[in-house]
Amino acid sequence: MEIVRSTPSEDDKTSKNETWDHIVRRDAPVVNGDHAHPNNAIKIPEAPQGKLDPLSKQSLVLYALIVMTALCAFSGGYDSSVMTGINGMQPFKDRFNAGNSAHATGIMFSLYAVGQMSGALGASVVCDRWGRRAAMFAGSIIIILATAVLVTSRTRDQFLVGRFLLGTGVSFSDISAPTYCIEIAPFQWKGRMTGFYQIGSIVGYLIAASIVWGTSIMTTNWSWRIPLIIQIVPPSIVVFVVWFVDPNDAMVALEISEFKSKLNLGEVHQHWWDFRPLFKTRNARWRSLMVVMMGLFVQCSGSALGVYNFQIFQALGFNCAFPIYLHYILFKSIKSEIAIRNEHGYCLYRLSYWIYLGRSGGRKLLVYGTLGCTISLALNAGFSAQWASYGDGYKDSRVGNAAASAFFLFIAVFSFTYAPSQTLYCVECLETTARAKGMTLRTFIYNLGSFITLYTTPLGLANLQWRFILVFVLVDLTETILWYFLCVETVGRTLEELDDIFNDKYPAKASQRERKVLVSDA
């Protein structure tokens, strides 16, 4: 990359004496309320060294807002983990006939994805008309109501309704919270703040697994009700604080005229059902392709196998719940290390985000990470096949341990690859005025894949055993090839650079070219 420095003329300088590079990265259009507004980027005072001051009043406001978005992410991670755990509890099985058949288990999990798909469109409407915070508020209310339905369930049908409502509420949070997080964060901290947003989901995993482990020794219905009750805490906090932390106290004053050449503000006010801006130009179609690929690949790479890991480990001879929960919690602890470490990354998740922020680039992370998923699942299938060949005779425990280790390697590589990038990559690819609708498209595709994999995985494991894993091996290999030829690098790119890249005949190749950067001495 070649750096070219120039001194602007007086006409080029803004009233705020800001550099051109600083201004063009304020990428949010003007709509109603607190959302999608260029002024949403919080102005953080610079320290004497020229860096942003992390202890300023504006920084503290930003931290509070980011924590709020992380609480919105909590429910999705918590639900995935808690449902995996209670699905193996005998009181839960007896009450809802869950876990006793692949069909019943698949319906129980997949209705959550159906709720997310149905809620995605409503979330987009609320985001565009009333604001990101309104959508976070609405999503939290729905999650609270859904939790009440789940906890008080006496029949399987009532529990299924609760699952559907919970998916709907989480959809509102998943669309509004990361978008809001990206739009209020200064460019210098954008990746770091998005990484903090992901902590909510990861902490949700860890807490749920720990609670389920603790209540698994109970023999009453409180064994599965207690973990579900605790799920109500984070959305309740969001409901009570979302309107009391006002970002306007720390917003940047920036004239809208500076964006007229780049933003068509009228597009934001199109009908809620009009998704044509995502496909009407070649530029938009390439951006949407990246969003669709990310949403689909996250679900189709084998993540559903992690949801049903209880069945996978039982097939490998782990018949006691204790070692399964122990491994699950230890793995989630590794992922959650980012929550307690400061600047030095000692875990796979932190390392992956460090790479994604520009050390090696998001494109390499996706290509090589998906290839790693392919290899680890192939190893798991091979060892599982050998274990199954023993039949009822003598079994070499080293083979079962190797198969389990390969499976955990897959989960680790998958998290290494997709946990940090599945949200940030989509937001970076989307053009500003189409961001809410683009995230709605991503959520719909993501949950369509989730519905298919969550429903078919228990059936496949029950009928095909280890052979079903070969399906994901083939899918991951295909995804690796597609990422290699189509993935567009977005790390470190400004709005104008990304616009030029997506206008290129072959954006994936254009994103890998060396570029000149104009550094102004304003």
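Before any of the text, the structure's been laid out above.
Residues numbered from 1 in each chain as written. Predicted model: local features only at pLDDT ≥ 70, side-chain atom pairs only at ≥ 80, totals over all residues. Heavy atoms only, no water.

Along the chain, the regular secondary structure elements total 21 helices and two strands. Partitioning the contacts of the chain with sequence separation of at least 6, the portion at a separation of at least 24 is 79%. Surface accessibility of the chain: about 22100 Å² in total, with carbon and sulfur atoms responsible for 61%. (Helix = DSSP H or I, 4+ residues; strand = E, 2+ residues; numbered from the N terminus. Contact = heavy atoms within 4.5 Å. Areas by Shrake-Rupley, 256 points an atom, 1.4 Å probe, with all protein chains shown as cover.)

The next point concerns the side chain of T457. You can see T457 is positioned in helix α18 (residues 435-464). The exposure class assigned to T457 is buried, which follows from its relative accessible area of 0%. Leave out the neighbours within four places in its chain, and T457 touches A304, L305, Y308, F468 and F472. (Buried < 20%, exposed > 50% of the residue type's maximum accessible area, 1.4 Å probe, protein only.)

Once that is clear, we can look at the packing of aromatic side chains. Enumeration over the complete set of coordinates arrives at 17 aromatic pairs. Both rings, one in F407 and one in F410, keep their centres 6.3 Å apart while their planes meet at 45°; by these two values the pair is tilted. Of the two residues, F407 and F410 are both situated in helix α16 (residues 397-418); the distance of three residues between them amounts to about one turn of the helix. Here the two residues F407 and F410 agree in accessibility, since each one is buried. (Phe/Tyr/Trp six-rings, centres within 6.5 Å; stacked < 30°, edge-to-face > 60°.)

What follows deals with the side chain of R287. Tracing the chain through its elements places R287 in helix α10 (residues 282-300). When neighbours within four sequence positions are excluded, R287 is seen to be in contact with C429, L430, E431, L498, D499 and F502.

On to helix α2 (residues 57-86), then. Counted at 1.5 Å a residue, the expected span for α2 with its 30 residues is 44 Å, and the 43 Å between its end C-alpha atoms agrees. Considering bend angle alone, the principal kink of α2 is centred on A73 and spans about 30°. (Expected span 1.5 Å × (residues − 1). Bend = angle between axes of the 7 residues up to and from the residue.)

The next thing to look at is the pattern of salt bridges. A side chain with one charge can pair with a side chain of the opposite charge if their charged atoms come near. A full pass over the atoms with the stated rule returns four salt bridges. Between D504 and R513 there is a salt bridge, with its nearest N and O atoms 3.3 Å apart. (Salt bridge = Lys/Arg side-chain N within 4 Å of Asp/Glu carboxyl O.)

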